[in-house]
Each structure stands twice: as C-alpha cells, then as structure tokens.
Amino acid sequence: MFQRITTLLLSAALLGETSLRAQSTPILSVTFEGNSAVQTPRLKNQLRVSREGGWYNADVLKVELQGLEVFYQDEGFLRAKVGDPIVEFRAIPGKGPGAEIRVPVTEGARYSLGELRIQNAQGLKPATLLRFSPLGSGQPYSRSKLAQWQEKIEDAYHTMGYIRAETRLQEAIQEARKVVDVVLDCKEGSAYRVGKITVVGDDSINTPDFKKQLLVGEGGLYNPEMLGLTLHFLNNMRAYKTISPSDVEVRMNDTTATVDLIFHVTPLKKGPSSFGAS
C-alpha cells in the first residue's frame, strides 16, 4: 500500500513539474485541524512535496493526503479520514501569491490488536510464529507490521522446502471493543526436495566433483537461498564463466514434490603455464 502511494506521488510530481514551475506558488503554511492523538509535526513529516517552503500543486497535495490517510490507518486509526484541503492564496508583496493550506482530520478511535491466532501450520510451530509477531494483544493495530511478519513467515517456509507455501491474514474488526482479531491461515503444501542435478555445457566437467562444490544436494530439502549462495560460491572460484541465475534451469515437479536443477556451465580456459619458461 505504501509503495503504491509513493509511486502515485512520484508520477503526480513528474506530471506536475511544469505546472509547479509555471505557477511558482510557494506554500506559506500547512496546518491540520482536528488531530489530537497524532501531533502536527509528525503529520507534516509524512509530506514530501507539499511542505512549507515547497511549491503548491493540487494534484500532488491530493496524493500526499491520500498517503496520510493510509499512515493514520496504519497507526491503528482504521476509520480516520483526511478531508479535502482548504487552500487560501495570500499576496506576498513584490512576489505574487502564496498558498496557505488547512487540512481537516477526523481521527476516530484507535484500534488495537485483539487475538492473534495461527491455523493450519504444521511445518512450523504456531507458538514459534507467534513469538516473532511484532504486535502483541493490546498494542495499536498496524497492517504494515503484520504484513512484514507474514512475509518473513513465508520466507521461512521457503527455506524449509515449502516453496508453494502461502499465508493469508484474516481480519475480524470488533467495533464494540475497538480491537481487531487476526488469523494467519497457512497453506503449506509439500516440502520439496532436490531431485536430479545435471551439468551441461562442457564434457570436460566432472559431474560428481562439480556436485561436491554445491550447497544443494540431491535428496536434500530445496532452499532457493542456498541455490543463490551456491552461484556466489562457484563464481568466486573463478573456475567457470560467470554463472547467472538464468544459467540454472529450475524444474519443479508437483507430483513428486521434487526440484530438478540443470546447470549450464562453461569452464574458463587456463592460459599457458609460465613454468619452465626460459
């Protein structure tokens, strides 16, 4: 969500660059009305373009205030609303007009995390996952923090071979108590293992010896991170032409829950030896 707002902001700023320069209307002041839980300096810090000393542009301001509403909601104010700004232009002697911006804010109640549960987790223990949660019961509710936690859990599953694992956060907002109960539903799937490892590209490569240099092995759990480290290790050896991720075919078989790896490798040609030179 934050990334989407930022992208919109940058697009609006680029589109409005000509307008900004043409209007040359400086922002004299930005004030917020109706906020109490979140102080004005903190709200102002969320604005990147529409700040005192900057240039006024209606489209940019609109996008930034949308982002401000998202910021409020991620602080636990799920019903917060940032209203349409009131912009007044005041003449600056010898310099033209300047913009004074007033932004109405309705914060509403602050919601906290109620019960956090894990369901359908077997490969990882629910108690372990809960221990790493960034939020505890009673703390201000934050969707972004829980989303980051969810992403880390999926990464953990992938490193254990559960490469098809997916998780989903389910919210239940309890209006009367102003809490949000959350369930993390895990769809683990099977733990995939490395199937056959094949080396192609040069008959001079000794396949058994090559396999010994890998950090992934046939029959072991498939870990995408270890495959990346393997390429880093092989490239540091400087025995082969640089091996990029595109040089490794990853073939997944959902029926057998295996991953076959095909390495396309070209040995580096060694120059003539200097030993024995006169």
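Owing to the predicted nature of the structure, the values given are computational and were not obtained by experimental measurement.

Engineer: Tell me about the overall build of the chain, and name the residues and values.
Structural biologist: When helices and strands are counted, the chain shows eight helices and 10 strands. Taking all 278 residues of the chain together, the buried fraction comes to 37%. A separation threshold of at least 6 residues defines the contact pool for the chain, and within that pool the share at least 24 residues apart is 62%. Per element, the accessible surface of the chain, about 16,400 Å² overall, is 51% carbon and sulfur.

Engineer: Any chance you could break down a nonpolar patch on the surface for me, citing the residues and the numbers?
Structural biologist: A cluster of nonpolar side chains, Leu215, Leu229, Phe233 and Met237, forms an exposed patch at the surface whose accessible area comes to about 350 Å². Of note, Leu229 is situated in helix H8 (residues 224-237). Classification of Leu229 as partly exposed rests on a relative accessible area of 46%.

Engineer: Tell me about the packing of aromatic side chains, and name the residues and values.
Structural biologist: For the coordinates displayed, the defined rule picks out six aromatic pairs. Judged by centre distance (5.5 Å) and plane angle (70°), the rings of Phe210 and Phe263 are edge-to-face. Taken together, the positions of Phe210 in helix H7 (residues 207-212) and Phe263 in strand S10 (residues 258-264) put the pair 53 residues apart, joining distant regions of the chain. Ring pairing ties together the aromatic residues Phe71, Tyr72 and Phe77, which thus form one cluster.

Engineer: Describe the side chain of Ser112, naming the residues involved and giving the relevant values.
Structural biologist: Along the chain, Ser112 turns up in strand S5 (residues 112-119). What makes Ser112 buried here is its relative accessible area of 15%. Setting aside anything within four residues of it in sequence, one finds Ser112 in contact with Gly138, Gln139, Pro140, Tyr141, Lys178, Val179 and Val180.

Engineer: Could you give me a rundown of the environment of Gln170, with the residues and numbers involved?
Structural biologist: With respect to the secondary-structure elements, Gln170 resides in strand S6 (residues 166-174). Taking C-alpha positions, Gln170 is 9.9 Å from Arg117, a pair spaced 53 residues apart along the chain. Among all residues touching Gln170, those that are not within four sequence positions of it are Gln119, Asp181, Val182, Val183 and Asp185.

Engineer: If you had to explain the sheet that holds strand S7 (residues 179-187) to someone new, which residues and values would you point to?
Structural biologist: A sheet is described by the order of its strands in space; here three strands give the open sequence S5-S7-S6, paired in mixed fashion. Edge positions in the sheet fall to S5 and S6, since each has one partner strand and no second. Neighbour to neighbour, the strand axes of the sheet diverge by 20° on average, direction disregarded. As paired strands, S6 and S7 are joined by nine bridges and run antiparallel to one another. By the bridge assignment, Glu171 is partnered in S7 with Val182. Of the strands in this sheet, S5, S6 and S7 touch helix H6 (residues 143-159), which is tilted by about 155° from S6.

Engineer: Help me get a handle on the confidence of the model for the chain, residues and values and all.
Structural biologist: Summary statistics for the chain give a mean pLDDT of 90 and a share of 88% for residues scoring 70 or more. Scored below 50 in pLDDT, residues 17-22 makes four contacts in the model with residues more than four places away or belonging to other chains. Contacts for the low-pLDDT stretch residues 272-278, under 50 throughout, to residues beyond four places or in other chains number zero contacts.

Engineer: Can you break down the environment of Gln122 residue by residue, with the values?
Structural biologist: Inspection of the secondary structure assignment puts Gln122 in the loop between S5 and helix H5 (126-131). For Gln122, a relative accessible area of 73% puts it in the exposed group. If near-sequence neighbours (up to four positions away) are discounted, Gln122 is found in contact with Tyr157 and Glu188.

Engineer: Would you mind going over the sheet that holds strand S8 (residues 193-200) in detail, with residue names and values included?
Structural biologist: Strands sit in the order S8-S10-S9 across an open sheet of three strands; the sheet is mixed. A single partner strand is all that each edge strand has here, and the edge strands are S8 and strand S9 (248-253). Pairwise comparison of adjacent strand axes, ignoring direction, gives a mean angle of 15° for this sheet. Here S9 runs beside S10; their pairing, made up of six bridges, is antiparallel. Each bridged residue has a counterpart across the sheet, and for Glu249 the counterpart in S10 is Ile262.

Engineer: Any chance you could break down the pattern of salt bridges for me, citing the residues and the numbers?
Structural biologist: If you walk through the whole model with that rule in mind, you get 13 salt bridges. Between Glu100 and Arg90 there is a salt bridge, with its nearest N and O atoms 2.9 Å apart. Remark: Arg90 occurs in strand S3 (residues 86-92) and Glu100 occurs in strand S4 (residues 96-106); sequence separation between them is 10 residues. Each member of the salt-bridge network shares a partner with another, and the members are Glu33, Glu88 and Arg102.

Engineer: Describe the nonpolar core, naming the residues involved and giving the relevant values.
Structural biologist: Core analysis: the biggest nonpolar cluster contains 21 residues, and Phe210, Leu261, Phe263 and Val265 have the highest contact counts within it. Contributions of two or more residues to this core are made by S8, H8 and S10. Other than its neighbours up to four places away in sequence, Phe210 contacts Val199, Ile205, Leu234, Tyr240, Phe263 and Val265. Membership of the second largest hydrophobic core comes to 20 residues, among which are Ile118, Leu135, Ala165 and Val182.

The rules behind each value
- Residues numbered from 1 in each chain as written.
- Predicted model: local features only at pLDDT ≥ 70, side-chain atom pairs only at ≥ 80, totals over all residues.
- Heavy atoms only, no water.
- Helix = DSSP H or I, 4+ residues; strand = E, 2+ residues; numbered from the N terminus.
- Buried < 20%, exposed > 50% of the residue type's maximum accessible area, 1.4 Å probe, protein only.
- Contact = heavy atoms within 4.5 Å.
- Areas by Shrake-Rupley, 256 points an atom, 1.4 Å probe, with all protein chains shown as cover.
- Patch = residues over 30% accessible without salt bridge, like charges linked within 9 Å, V, L, I, M, F, W, Y side chains within 5 Å.
- Salt bridge = Lys/Arg side-chain N within 4 Å of Asp/Glu carboxyl O.
- Phe/Tyr/Trp six-rings, centres within 6.5 Å; stacked < 30°, edge-to-face > 60°.
- Pairing = 2+ DSSP bridges.
- Axes fitted to C-alpha atoms, helices over the stretch in contact; angles between N-to-C directions.
- pLDDT = per-residue confidence, 0-100.
- Core = buried A, V, L, I, M, F, W, Y, C linked by side-chain atoms within 4.5 Å.

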